[in-house]
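Fold and contact review
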Amino acid sequence: MDNALSIGIRGGECVVVAEGEIRAGECFALGEVLPRYLDNANAPTTVYLDLARCTYMDSTFIGFIVGLAKRSGAGGVVIANPSAAASEALRKLSALSAIEIKPAITLPDVPTFRIARDTTAFGSIRNIELVFDAHRTLASLSEENRREFESLLHELSRVIESKRGAAS
């Protein structure tokens, strides 16, 4: 199975399909499109994340999901049909209280297209900020997460400040 994210938006519904192992690299293109769409949509949009074929999610993707659920433009985030591996990953990072899970739901009929993974994007400040925001969101969910990601957040903050300083 390929590792892939696909997205489709129609009306007030957005469907994101995650297949295989979803890591930060798969998030970057989604991060370019979805938050801006939600912020500028004329009406709340419900985001359905189909995790039926998701075999692994890293902390960046989980934090990104929780962050979407907290966005003002989102009409809600629904985790649809999560695999056992996806459910366990969400549980381990205390994310279950922040999102709605529907283990047996029929997704809206919204055509999706595959988002290309950008393997060169890891060094851009925008994507470093995406990783930072995702982990800051996770750190806010529990004391265990705060301790787990404290060093990473410190380092990402240092890198962001360094890149901003170099840009000026």
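Heads up: the structure comes first, above all this text.
Describing the pairing of strand β1 (residues 4–10)
Across the seven residues that make up β1, a large majority, five, are buried. As judged from the seven bridges shared by β1 and strand β2 (residues 13–22), these two strands associate in the antiparallel manner. Across the sheet, residue A4 finds its bridge partner in β2, namely E19. Connecting β1 to the next strand, β2, in antiparallel fashion are two residues, including G11 with a positive phi near 60 degrees. Of the pairings in the sheet, the one linking β1 to strand β6 (residues 113–115) comprises three bridges and is antiparallel in character.

Some remarks on the environment of I115
Mapped onto the elements, I115 comes out in strand β6. Among the residues examined, I115 registers a relative accessible area of 14% and is labelled buried. Residues I115 and V47, 68 residues apart in the sequence, show an inter-C-alpha distance of 16 Å. When near neighbours in sequence (up to four residues on either side) are disregarded, I115 contacts L5, S6, I7, A29 and L30.

Re the packing of helix α1 (residues 24–40) against helix α2 (residues 59–70)
Where α1 meets α2, the closest approach of the two axes is 10 Å, and the angle between their N-to-C directions is 10 degrees. Judged on the interaxial angle alone, α2 and α1 are roughly parallel. Seen from α1, the contacting residues are A24, C27, L30, G31, L34, P35 and L38; seen from α2, they are T60, F61, F64 and L68.

Some remarks on the side chain of T137
Considering the arrangement of structural elements, one finds T137 in helix α4 (residues 125–139). Taking relative accessible area as the criterion, T137 reaches 15% and is therefore assigned buried. If sequence neighbours within four positions are ignored, T137 has contacts with G63, V66, G67 and K70.

Quick notes on α4
Between the first and last C-alpha of α4 there are 21 Å, a value that for 15 residues agrees with the 21 Å anticipated at 1.5 Å per step. Every buried residue belonging to α4 is among N127, I128, L130, V131, F132, A134, H135, T137, L138 and A139, and all of these are buried.

A closer look at unusual backbone geometry
Positioned with a positive phi, N81 is a non-glycine residue whose angle comes to about 50 degrees. Note on placement: N81 falls in the loop between β4 (74–80) and α3 (84–92). Classification of N81 as buried rests on a relative accessible area of 18%.

Some thoughts on the pairing of β2
Here β2 lies mainly inside the structure; seven of its ten residues are buried. In this sheet, strand β3 (residues 45–57) lies alongside β2 in parallel orientation, the contact comprising nine bridges. Looking at β3, one finds that C14 is bridged to V47. The β-α-β motif built from β2, the intervening α1 and the parallel element β3 has right-handed crossover chirality.

Here's the deal with the environment of V131
Among the structural elements, V131 can be located in helix α4. Sequence-wise, V131 and I79 are 52 residues apart; in three dimensions their C-alpha atoms are separated by 21 Å. Residues contacting V131, with those up to four places away along its chain left out, are A24, F28, T60 and L156.

Reading the values: rules and limits
Along each chain, residue indices are assigned from 1 in the same order as the chain's sequence is written. In view of the model being predicted, local features appear only for residues whose pLDDT reaches at least 70, and side-chain atom pairs are presented and counted only at 80 or more, with totals across whole chains, interfaces and linings using the full set of residues. Neither water nor hydrogens contribute to the side-chain values; these are computed over all heavy atoms in the structure. Burial status follows relative accessibility: with a 1.4 Å probe on protein chains alone, a residue under 20% of its type maximum counts as buried, one over 50% as exposed, and anything between as partly exposed. Under the DSSP-based scheme used, a helix requires at least four consecutive residues in state H or I and a strand at least two consecutive residues in state E, with every element numbered from the N terminus. Only strands joined by at least two bridges in the DSSP assignment are considered to pair. Throughout, a residue-residue contact means that at least one pair of heavy atoms, one from each residue, lies within 4.5 Å. Axes, fitted as lines to C-alpha atoms, cover a helix only where it is in contact. Angles between the N-to-C directions of the axes lie from 0 to 180 degrees. Every angle not falling under 35 degrees, over 145, or within 65 to 115 is termed oblique; those three ranges are roughly parallel, roughly antiparallel and roughly perpendicular. To estimate how far a helix should reach, multiply one less than its number of residues by 1.5 Å. For a crossover, the right-handed case is the one in which the path from the first strand over the helix to the second runs clockwise, viewed with the strands pointing away from the viewer.

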